[in-house]
Amino acid sequence: MIFGPCPPEDAEGCILAHRTALPNRVLKKGHRLTGKDCADIAAAGIDSLMVARIEPRDTGEDAAAERLATAAAGTGLETDTAFTGRMNLYAATNGVLVVDADAVTAANRIDPAITFATLPNYTKVLAGRMVATAKIISFAVPEEQLGAAENALKGAVRVAGFSPRKVGLVATQLPHLKPSTMDKTRRVLEERLLPSGSTVLSEYRIAHTRDAVAEALLALKDEGADLLILFGASAVVDRQDVIPAGLDLAGGTVHHLGMPVDPGNLLMLGSLGGLPVLGAPGCARSPKENGFDWVLDRLLAGLEVHPDDITAMGVGGLLMEIGTRPQPREGKRKGKTAKIAALILGAGKSSRMGGPNKLLATLDGKTLIRHAAEAATSAGLAQTVLVTGHLAEEVGAQVEDLDITLVHNPDFADGMAGSIRTGMNALAADTDAVIILLGDMPRIGSDVLKKLIGAYHESDSSLIVTATADGKRGNPVLWDRRFFDALKSLSGDVGARHIIGENSGFVAEVEIGAAARLDLDTPDALQRAGGKLPQAKG
């Protein structure tokens, strides 16, 4: 392929590299130029175009992408139609994605214009999910390189479909383990089994002894179970502990104990009479992803799992912490001496207010943004950051005499997430926690912020502290630094409520009354609270 500038009179049959606007129409990137196109371009006074000229031994981008994707596609996959040099592969069934990583890497090293990307190996996928994409960067690639990439990718991607299993569940009991916890454990397991169509055949709740474990395993095997799962009332801490010893006594084999995935370290892999046996770590009582999922999914997809497979899981094996774990892997970094900052969101357009910026409305002789700023700066915090957007100068002027870092979000119209990101990026690097406040909540005083800080210090597991009104969660919310990356990754016009929902085990609540949910978004609400609207600006 020859790529470069070309006068329009010589460009017929070439591919247009860039969008070109003519007086009566627009020629899109990738358009193959006709004689009329070239004449119209010349008539428009354009004397040079960037074009690609396809040579005889070249293959066009769409045809090349289709050949790559088709070559790579193994069982359990569907394709779509190649378009703009791209063709995607989709899961045709629920299962586990299996990728020949060496083959994909080899294909990607043949020519920079030839790319093939997949989801991570052994990802659990549902039917219809995109699992891989072939993309040709240029408008065409040489046939020799394309053929080499095709050969490298042959059958490199497949989905191993799930098969329904009859699962025998063994759960040992000790006085400290509540029946409600065991009930929830079964429900969570059943939810994990749903994509495969597998079911719990029987559950044996037994004493926490090796004899009881052995007896239950053999009974479930006789009932027709084809996968055995054990939940111990106490974590397995040694090869001779109750769960592995019970499997030994039943005549089974422990193939591997432990795994380099956290949460999930205390997993046991074994077999009994040809049936796979999984000793579940305590974290598997939670629905959050952990190492147990990685092994269970492979077994449900009919993939063999060996000790070498498990010991290779360490890279990428540091997963999101589970709040219900009795021994979290990381405590708070500095305890009582933690550096805590405040982040005030003051960038919105106040669209529901009908024109004026609500932060400039007054209540009790102060603007709403002044209330929030004074609360933060008088709470003994290490730093206070105010994010501005709409009417930034006017909002900033209300707090110019206070010790506040002002940062502007130029994309404030895109929603709250951008303002959170802007503010988080302005925090000092050694910040240990941040309280995020809304600029339109004037009844949040420094006393409230100090209560949140107190709750944060009370427990190593209180990593998110939220104010509540009559038990309903509101604002402000304190966040430990381990959630900073998640806050910086927010997008769109959404806040961080979903992060709270995904980490319920780390959440502490502080009841502060109606102030936590006081909404002054409309003129009526402001007037009912005794406030006064500012004159409309901007």
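Everything that follows concerns the structure shown earlier in this document.
Residues numbered from 1 in each chain as written. Predicted model: local features only at pLDDT ≥ 70, side-chain atom pairs only at ≥ 80, totals over all residues. Heavy atoms only, no water.

In this section: the overall build of the chain. Broken down by element type, the chain carries 16 helices and 29 strands. Principal axes of the C-alpha set define a box for the chain whose edges measure 90 × 80 × 40 Å. By the burial criterion, 50% of the 538 residues in the chain qualify as buried. In the chain, of all internal contacts separated by at least 6 residues, the share reaching a separation of at least 24 is 69%. Accessible surface, the chain as shown: approximately 24,600 Å² in total, 50% of it carbon and sulfur. For the chain, the distance from the average site of its 56 positive side-chain charges to the average site of its 65 negative ones is 4 Å. (Helix = DSSP H or I, 4+ residues; strand = E, 2+ residues; numbered from the N terminus. Buried < 20%, exposed > 50% of the residue type's maximum accessible area, 1.4 Å probe, protein only. Contact = heavy atoms within 4.5 Å. Areas by Shrake-Rupley, 256 points an atom, 1.4 Å probe, with all protein chains shown as cover. Lys, Arg positive; Asp, Glu negative; His and termini not counted. Charge placed at Lys NZ, Arg CZ, Asp CG, Glu CD.)

With that out of the way, let us pick up the pattern of salt bridges. Enumeration over the complete set of coordinates arrives at 19 salt bridges. Ionic pairing is found between arginine 25 and aspartate 40, a salt bridge with its closest N-O pair at 2.7 Å. With a gap of 15 residues between them, arginine 25 in the loop between β3 (20-21) and β4 (26-27) and aspartate 40 in helix α1 (residues 35-43) connect regions that are remote in the sequence. Judged by its relative accessible area of 22%, aspartate 40 is partly exposed. Where aspartate 293 meets arginine 192, a salt bridge forms, and the shortest distance between an N and an O atom there is 2.5 Å. With a gap of 101 residues between them, aspartate 293 in helix α8 (residues 291-300) and arginine 192 in helix α5 (residues 179-193) connect regions that are remote in the sequence. The buried category is assigned to aspartate 293, whose relative accessible area is 9%. (Salt bridge = Lys/Arg side-chain N within 4 Å of Asp/Glu carboxyl O.)

One recurring pattern in soluble globular proteins is that nonpolar side chains are buried together. Ranked by size, the top nonpolar core spans 37 residues in total, and within it Ile340, Ile344, Ile435, Ile444, Val465, Leu478 and Ile512 carry the most contacts. At the level of secondary structure, the elements contributing two or more residues to this core comprise β21 (340-346), α10 (368-377), β26 (433-438), α13 (446-458), β27 (464-469) and β29 (507-511). Setting aside its immediate chain neighbours within four residues, leucine 478 contacts Ile340, Ala433, Val434, Ile435, Leu452, Ile453, Tyr456, Leu463, Ile464 and Val465. Counting 31 residues, the second-largest nonpolar core is a separate cluster that includes Ala91, Phe116, Ala134 and Ala149. (Core = buried A, V, L, I, M, F, W, Y, C linked by side-chain atoms within 4.5 Å.)

Further remarks concern the sheet that holds strand β25 (residues 405-408). If you trace the seven strands from one edge of the open sheet to the other, you get β25-β24-β21-β26-β28-β27-β29, paired in mixed fashion. For this open sheet the edge positions go to β25 and β29, each flanked by a neighbour on one side alone. Neighbour-to-neighbour, the strand axes of the sheet open up by a mean angle of 25 degrees, direction not taken into account. Taken together, the six bridges between β21 and strand β24 (residues 383-388) define a ladder with parallel strand orientation. (Pairing = 2+ DSSP bridges. Axes fitted to C-alpha atoms, helices over the stretch in contact; angles between N-to-C directions.)

In this section: the sheet that holds strand β11 (residues 124-125). Reading across from one edge, β11-β9-β14 is the order of the three strands in this open sheet, with antiparallel pairing throughout. Taken across any chain shown, the strands that pair with only one partner, and hence form the sheet edges, are β11 and β14 (157-161). One ladder, built from five bridges, connects strand β9 (residues 95-99) with β14; its direction is antiparallel. Bridge pairing in β14 links glycine 95 to glycine 161.

A separate point is the environment of alanine 52. Positionally, alanine 52 belongs in strand β5 (residues 49-53). Judged by its relative accessible area of 0%, alanine 52 is buried. Not counting the four nearest positions on each side in its chain, alanine 52 is found in contact with Met1, Ile2, Phe3, Cys14, Ile15 and Phe139.

Bringing α1 into the picture now. For α1, the set of buried residues is Asp37, Cys38 and Ile41. Within α1, the buried residues cover an arc of 95 degrees as seen down the axis, which keeps them to one side. Of the exposed residues in α1, those oriented more than 90 degrees away from the buried face are Lys36 and Ala43. Looking at the buried positions of α1, the neighbouring elements they touch are β4 and β5. Where α1 terminates, the next one or two residues include glycine 45, which has phi positive at roughly 85 degrees. (Arc of directions from axis to C-beta.)

What follows concerns the packing of aromatic side chains. Taken as a whole, this structure holds three aromatic pairs when the rule is applied. Ring centres of tryptophan 479 and phenylalanine 483 lie 6.1 Å apart, and the angle between their planes is 70 degrees; this geometry places the pair in the edge-to-face category. The same class applies to tryptophan 479 and to phenylalanine 483, which are both buried. Through pairs of rings, three or more aromatic residues link up here, namely Trp479, Phe483 and Phe506. Over the ring of tyrosine 122 we find arginine 298; its NZ or CZ atom is 3.6 Å from the centre of that ring. (Phe/Tyr/Trp six-rings, centres within 6.5 Å; stacked < 30°, edge-to-face > 60°. Lys NZ or Arg CZ within 6 Å of the ring centre and 35° of its normal.)

Let us look at the pairing of β25. Each regular strand displays side chains that alternate between the two surfaces of the sheet. As paired elements, β24 and β25 share four bridges and run parallel to each other. Bridge pairing in β25 links valine 385 to threonine 405. With respect to chirality, the unit in which β24 leads through helix α11 (residues 392-397) into the neighbouring parallel β25 is right-handed. (Right-handed = clockwise from strand over helix to strand, strands pointing away.)

Across the junction of aspartate 262 and proline 263, the peptide omega takes the value 0 degrees, indicating a cis bond. Within the secondary structure layout, proline 263 lies in the loop between β18 (253-257) and β19 (268-272). A positive phi angle, near 65 degrees, is found at tyrosine 122, a position not held by glycine. Tracing the sequence through the fold places tyrosine 122 in the loop between β10 (114-118) and β11. Take tyrosine 122: its relative accessible area is 33%, and that puts it in the partly exposed class. You will see that leucine 391, though not glycine, has its phi angle at about 50 degrees, which is positive. Its place among the elements puts leucine 391 in the loop between β24 and α11.

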